[in-house]
Amino acid sequence: APAAAAAGAKGLLPGGGGSSSSSSSLTVRQRASQLLGENVVAQGLSLWGAVRQRNILLPTVFVFLWQATPTADTAMFYYYTNQLHFTPDFLGRVQLAGSVARLAGVTLYNGVFKKVPLKRMLLWAMLLGAGLGSTQLLLVSGANRALGLSDELFVLGDSVILTVLGQVSFMPILVLAARLCPEGVEATLFATLMSILNAGKCYG
């Protein structure tokens, strides 16, 4: 009886049974880590299986190459500031107009071009983008002044038009990315596609 009482008292003392609770906590942590690792591996395999599909791989490569196309933005900024001597105030207005143009592009796509087939949309966007993107040659050569358009007005109008076109052509890419995502890895694949798109912008 004294031994049993001593054992019971030992269980009531602070720290009594601590080894069992700590081992139980360790087991729960190990199990959680194991489940997390299994989920990560499963998601990785599902993502790899989805990306390997031809109907996903080819559009992904297209999106990357499209975004990786070189632009003359840095050179034109130098031309604006060092040759045309545009002030920071005017450049800020151009950026503001561009932001408004992006909203207009989204509205235009949702209201007019949302039901246009994706292939036709991208084809016309690339053709118009190549044509309108060449209008900067008019600015560099000074032909805009011969047409009666000041440098400021030409840059502002050119920026607005190209931004609207760029946003209208960018919206189908987001729609395409959403359509490509198979069930079960929607969020992971969409985030991967957006990462690839941003990587293409960095290269461009």
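Residues numbered from 1 in each chain as written. Predicted model: local features only at pLDDT ≥ 70, side-chain atom pairs only at ≥ 80, totals over all residues. Heavy atoms only, no water.

**Student:** Could you clarify how one ought to interpret the pattern of salt bridges in this entry?
**Tutor:** Oppositely charged side chains can form a pair if their charged atoms are brought close together. For the coordinates displayed, the defined rule picks out 2 salt bridges. Here Asp 89 and Arg 93 are joined by a salt bridge, their closest N and O atoms 3.1 Å apart. A residue pair is termed a helical-turn pair when its members lie 3 or 4 positions apart in one helix, as Asp 89 and Arg 93 do in helix H5 (residues 88-113) at 4 residues. Overall, the relative accessible area of 48% leaves Asp 89 in the partly exposed class. On the basis of relative accessible area, Arg 93 is assigned to the exposed category, the value being 52%. (Salt bridge = Lys/Arg side-chain N within 4 Å of Asp/Glu carboxyl O. Helix = DSSP H or I, 4+ residues; strand = E, 2+ residues; numbered from the N terminus. Buried < 20%, exposed > 50% of the residue type's maximum accessible area, 1.4 Å probe, protein only.)

**Student:** Teacher, can you tell me more about the side chain of Asp 151 here?
**Tutor:** Along the polypeptide, Asp 151 turns up in helix H9 (residues 151-180). Since its relative accessible area comes to 12%, Asp 151 is described here as buried. Within the structure, Asp 151 has its side chain in polar contact with the side chain of Arg 145 (distance 2.8 Å). Setting aside residues up to four positions removed in sequence, Asp 151 forms contacts with Leu 84, Phe 86, Leu 139, Asn 144 and Arg 145. (Polar contact = N/O pair within 3.5 Å; in protein donor to acceptor, adjacent residues only side chain to side chain. Contact = heavy atoms within 4.5 Å.)

**Student:** Just to check I follow, could you spell out the packing of aromatic side chains for this structure?
**Tutor:** Enumeration over the complete set of coordinates arrives at 2 aromatic pairs. Where Tyr 80 meets Phe 86, the ring centres are 5.5 Å apart and the plane angle is 35 degrees; that geometry is what we call tilted. Taken individually, Tyr 80 and Phe 86 each receive the classification buried, so the pair is uniform in this respect. Aromatic ring contacts, followed pair by pair, group Tyr 80, Phe 86 and Phe 90 into a single cluster. (Phe/Tyr/Trp six-rings, centres within 6.5 Å; stacked < 30°, edge-to-face > 60°.)

**Student:** Any chance you could explain unusual backbone geometry here in plain terms?
**Tutor:** A negative phi angle is the norm for most residues apart from glycine, just as the trans form is the norm for most peptide bonds. A positive phi angle, near 55 degrees, is found at His 85, a position not held by glycine. The class of His 85 is exposed, set by a relative accessible area of 57%.

**Student:** Can you help me understand the packing of H9 against helix H10 (residues 186-203) in this one?
**Tutor:** How two helices pack is summed up by the angle between their axes together with the distance between the axes. Contact geometry of H9 with H10 gives a least axis separation of 9 Å together with a crossing angle of 145 degrees. For H9 against H10, the interelement crossing comes out right-handed. Residues Phe 170, Ile 173, Leu 174, Ala 177, Ala 178 and Leu 180 of H9 lie in contact with H10, whose contacting residues are Leu 189, Phe 190, Leu 193, Met 194 and Leu 197. Residue composition of the contact of H9 with H10, by class: 11 nonpolar, no polar and no charged. (Axes fitted to C-alpha atoms, helices over the stretch in contact; angles between N-to-C directions. Left-handed = near helix turned anticlockwise from the far one by under 90°. Nonpolar A, V, L, I, M, F, W, Y, C, P; charged D, E, K, R; others polar.)

**Student:** What should I look at first to understand the environment of Ala 178 in this one?
**Tutor:** With respect to the helices and strands, the residue Ala 178 is situated in helix H9. Using a relative accessible area of 44% as the deciding quantity, one classes Ala 178 as partly exposed.

**Student:** What should I look at first to understand a nonpolar patch on the surface in this one?
**Tutor:** Together, Leu 123, Trp 124, Leu 127, Leu 128, Leu 132 and Ile 161 line one region of the surface with nonpolar side chains, adding up to about 580 Å² of accessible area. When residues in the nonpolar patch are grouped by element, the largest group, 5 residues, is from helix H6 (residues 118-133). As for its placement among the helices and strands, Leu 132 is situated in helix H6. (Patch = residues over 30% accessible without salt bridge, like charges linked within 9 Å, V, L, I, M, F, W, Y side chains within 5 Å. Areas by Shrake-Rupley, 256 points an atom, 1.4 Å probe, with all protein chains shown as cover.)

None of the figures reported here should be taken as evidence of function without further support.
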